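Per-entry structural report
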Amino acid sequence: MTQAASHAARLSIGEVLDELRADFPDVSISKIRFLETEGLVEPERTPAGYRKFSRADVERLHLVLRVQRDTYWPLKVIRQKLDDLDRGVVAPDDEGVLQVPRVILSSEGLPGPDAFASRPQDIRFRRSELQQASGIADDLLAEAEEFGLVIASSGSYTEADVVIAKTLAELASFGLGPRHLRGVRTAADREVGMIEQIIEPLRRRRDPGSAARADETAYHVASLSVLLHTMLVKNGLHRRG
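Worth saying up front: this structure is predicted, and the values here are computed from it rather than measured.

We now examine the overall build of the protein. Along the protein, the regular secondary structure elements total ten helices and four strands. Going residue by residue from the N terminus, the α and β elements of the protein occur as α-α-α-β-β-α-α-β-β-α-α-α-α-α. The proportion of buried residues among the 241 residues of the protein is 30%. Put simply, 55% of the contacts in the protein that link residues at least 6 apart link residues at least 24 apart. Surface summary for the protein: the accessible area is close to 15600 Å², and the carbon and sulfur share equals 54%.

Written out as structure tokens, the structure is:
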């Protein structure tokens, strides 16, 4: 983007007000200035001192106003949630509510290809955040870590760990604990090894795009593997029914 285009993308406080009033008729310039004073948005300033808002600033203001209207959270709580949003711990849904993101599923409820794709910013969770998001008990989480089903990296956990922990908590209600699921971990490790063998030749290439093709192949094979496993279990249960 050229410097002129970047400058054109910045909005004045009056232009921001016009956009926000479509959804928040009572918003005012003084309200926007107040939210800035409270540290909820930080627009750029021109040499003359005029505020210039980016598209991200406008979206942030829209989120703050919607959360204020729909949840009645105090600004202190909203500020903390925004801090969490900035570090990737929570995400806003379509209704503007800040929540822990869910794994991406296909229309059939199975992990889709995007569930295996890496993201520009990996979401990291503290132990307490993982437990809150998944509902897993402390002793069950400790057992899951003992058997290698959940593995912390540098004291934090990934979004996949949250989904694993939630799944383990649900399986525990049927009497299936981590010790019963060690075979699942072993099978997953074998699949990872199989996929690594497939994509290693692609990673060794030096031509542009080889790394992207390797990732795409890995995600595709992983998705097919999950689908195959699910259908085999489904057929096995059907035959015994």
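Past the structure itself, the notes keep going.
Now for the nonpolar core. Soluble, globular proteins show a tendency: their nonpolar side chains are buried together. Judged by nonpolar contacts, the single largest core of 21 residues is most densely connected at Val16, Ile32 and Leu61. Taken together, the elements giving at least two residues each to this core come down to helix H2 (13-20), helix H3 (29-37), helix H4 (55-71) and helix H5 (75-86). The element contributing the most residues to this core is H4, with six residues. Leu130, Ala144, Leu149 and Tyr157 belong to the second-largest nonpolar core, a separate cluster that totals 14 residues.

With that settled, consider a nonpolar patch on the surface. On the surface, Leu224, Leu227 and Met231 cluster together into a nonpolar patch covering about 230 Å² of accessible area. Mapped onto the elements, Leu227 comes out in helix H10 (residues 210-240). Overall, Leu227 belongs to the partly exposed group, its relative accessible area being 35%.

With 31 residues, H10 extends 45 Å between its outermost C-alpha atoms, agreeing within 8% with the 45 Å of an ideal straight helix rising 1.5 Å per residue. Within the span of H10, buried status applies to Ser210, Ala214, Ala218, Val221, Ala222, Ser223 and Ser225. Residues of H10 that are buried sit in contact with helix H9 (182-204).

Our next topic: the confidence of the model for the protein. Scored by pLDDT, the protein has a mean of 80; 81% of the residues are at 70 or more. At the low end of the mean pLDDT range in the protein sits helix H1 (residues 3-8), at 45; at the high end sits helix H7 (residues 138-146), at 95. With pLDDT under 50 throughout, residues 1-7 is counted as low confidence; its partners more than four residues away or in other chains account for one contact. A low-confidence stretch, residues 99-110 (pLDDT under 50), is modelled with 28 contacts involving residues beyond four sequence positions or located in other chains.

In helix packing, the relevant descriptors are the interaxial angle and the interaxial distance, both defined with respect to the helix axes. Axis separation between H4 and H5 bottoms out at 11 Å; the angle between their running directions is 135°. One way to sum up the angle between H4 and H5 is to call them oblique. At the point where H4 passes H5, the crossing takes the right-handed sense. Contact residues: H4 offers Arg60, Leu63, Val64, Val67 and Gln68, while H5 offers Leu75, Ile78, Leu82, Leu85 and Asp86. Broken down by class, the residue content of the contact of H4 with H5 amounts to seven nonpolar, one polar and two charged.

Attention now goes to unusual backbone geometry. Backbone geometry at Ser154 places phi at a positive 55°, although glycine is not the residue there. Following the sequence through the fold, Ser154 ends up in the loop between H7 and helix H8 (159-172). What makes Ser154 exposed here is its relative accessible area of 79%.

Interaxial distance between helix H6 (residues 127-134) and H7 falls to 11 Å at its minimum, and their mutual angle equals 110°. Relative to H7, the element H6 is oriented roughly perpendicular. The two elements H6 and H7 meet at a crossing, and its hand is right-handed. Across the interface between the two elements, Arg127, Leu130 and Gln131 from H6 touch Asp138, Leu141, Ala142 and Glu145 from H7. Its residues assigned to classes, the contact of H6 with H7 comprises three nonpolar, one polar and three charged.

The subject of this paragraph is H3. Owing to its 3.6 residues per turn, the α-helix aligns residues three or four sequence positions apart on the same side. Taken as a whole, H3 has its buried residues at Ile32, Leu35 and Glu36. Axial view of H3: buried residues confined to an arc of 105°, hence all on one face. Considering only its buried residues, H3 is in contact with H2, strand S1 (44-45), strand S2 (51-52), H4 and H5. Looking at the residues trailing H3, positive phi occurs at Gly39, about 80°.

What counts, and at which threshold
Residues numbered from 1 in each chain as written. Predicted model: local features only at pLDDT ≥ 70, side-chain atom pairs only at ≥ 80, totals over all residues. Heavy atoms only, no water. Helix = DSSP H or I, 4+ residues; strand = E, 2+ residues; numbered from the N terminus. Buried < 20%, exposed > 50% of the residue type's maximum accessible area, 1.4 Å probe, protein only. Contact = heavy atoms within 4.5 Å. Areas by Shrake-Rupley, 256 points an atom, 1.4 Å probe, with all protein chains shown as cover. Core = buried A, V, L, I, M, F, W, Y, C linked by side-chain atoms within 4.5 Å. Patch = residues over 30% accessible without salt bridge, like charges linked within 9 Å, V, L, I, M, F, W, Y side chains within 5 Å. Salt bridge = Lys/Arg side-chain N within 4 Å of Asp/Glu carboxyl O. Expected span 1.5 Å × (residues − 1). pLDDT = per-residue confidence, 0-100. Axes fitted to C-alpha atoms, helices over the stretch in contact; angles between N-to-C directions. Parallel < 35°, antiparallel > 145°, perpendicular 65-115°, else oblique. Left-handed = near helix turned anticlockwise from the far one by under 90°. Nonpolar A, V, L, I, M, F, W, Y, C, P; charged D, E, K, R; others polar. Arc of directions from axis to C-beta.

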